[in-house]
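Reading the structure
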Amino acid sequence: MILKKRCISAYVENQIGVLAKISGLFAGKNYNLDTLTVGVTEDATMSRMTIGLTCDDLTFEQIIKQLNRSVEVIKVIDFMDIAIHKKELLFIKVSNCKETDTQEIFRIAQTFDLLVVDYNKKAVLLQSVKTEQKNNDMIRLFKNIFVNRVEVVRGGSVAIEALSVPDS
C-alpha cells in the first residue's frame, strides 16, 4: 500500500451543515484529512472545498465515489493528474526579539518575499502565501534561527486548475 499526498476540490451547496456532513463522511470512514479549506465561490449558492489528504489509490477511489454520491456535492475535481496552482496561507510570529533579530527577520522577509504584517519592539509577524513545501521550508528556517520563539499558524491550501504553467 503506497500512500500519496492528494488534492481534490469539491463544489458543494452553500448551506448550513454541508461542511459538517462532508467532514463527517471522512471521519465515519476513518479517512484523515491533512487540510480542508472552504469558501464561497462567485456563485453565493455554492462553496468550494479544497481537500488535502494522504492515502493509497484504493482509498482515494472510495473517497471520490463517496463525495460524488453525496447530494450536497455538485462537482468533484481530482487534481492528481492536472496542472494546478496551489497555495496556503502561513503566519509566522517571532517573539522576544532584540534589535538584531528584527533586522535579520526583515532581511529574511525581503529575501524570501514574505510580508511583514505587524511588528513592535519585541515581536515580528510575517505572512507567507506559498506552496506547502515552501512554507515548510520557511518554518524550518525560522525555527532553526529563532529557537523556541516561533509561533506558526497555517491555513489549508486552496487550489485551482492552471491555465498554462503550474506551481513548482
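Look a little higher up for the structure.
It should be emphasised that the depicted structure is a prediction, and the values quoted were computed from it without experimental measurement.

1. So, the pairing of strand S6 (residues 115-119)
Where S6 meets strand S7 (residues 124-130), four bridges bridge the pair, whose relative direction is antiparallel. Bridging from a neighbouring strand, Leu-115 pairs with Gln-127 of S7. Between S6 and S7, which pair antiparallel in sequence order, lie four residues.

2. Looking at helix H3 (residues 99-111)
Compared with the 18 Å implied by 1.5 Å per residue over 13 residues, the 19 Å span of H3 between its first and last C-alpha is a close match. Along its buried surface, H3 packs onto strand S5 (84-94), S6, S7 and helix H4 (132-145).

3. Considerations on the sheet that holds strand S1 (residues 4-13)
Hydrogen bonds along the backbone pair up the strands of a sheet, which may run parallel or antiparallel. Read from one edge to the other, the open sheet built from four strands follows the order S2-S3-S1-S4, with strand pairing classed as antiparallel. Of all the strands in the sheet, the pair left with one neighbour each is strand S2 (33-40) and strand S4 (73-78). Between one strand and the next, the sheet's axes are offset by a mean angle of 15°, whatever the strand orientation. As paired elements, S2 and strand S3 (residues 46-55) share seven bridges and run antiparallel to each other. Note on S3: the bridge partner recorded for Val-38 is Met-49. Across the sheet, helix H2 (residues 57-69) is in contact with S1, S3 and S4; its angle to S1 comes to roughly 5°.

4. Section: the nonpolar core
Membership of the largest hydrophobic core comes to 18 residues, with the highest contact counts inside it found for Ile-8, Ile-22, Phe-26, Ile-51, Ile-63 and Leu-67. Contributions of two or more residues to this core are made by S1, helix H1 (18-28), S3, H2 and S4. Those residues in contact with Leu-67 that lie beyond four places of it in its chain are Ile-8, Ile-22, Phe-26, Ile-51, Val-73 and Val-76. Val-94, Cys-97, Val-124 and Met-138 belong to the second largest nonpolar core, which has 14 residues in total.

About the cut-offs
- Residues numbered from 1 in each chain as written.
- Predicted model: local features only at pLDDT ≥ 70, side-chain atom pairs only at ≥ 80, totals over all residues.
- Heavy atoms only, no water.
- Pairing = 2+ DSSP bridges.
- Helix = DSSP H or I, 4+ residues; strand = E, 2+ residues; numbered from the N terminus.
- Expected span 1.5 Å × (residues − 1).
- Contact = heavy atoms within 4.5 Å.
- Axes fitted to C-alpha atoms, helices over the stretch in contact; angles between N-to-C directions.
- Core = buried A, V, L, I, M, F, W, Y, C linked by side-chain atoms within 4.5 Å.
- Buried < 20%, exposed > 50% of the residue type's maximum accessible area, 1.4 Å probe, protein only.

Coordinates in, geometry out; function isn't part of it.
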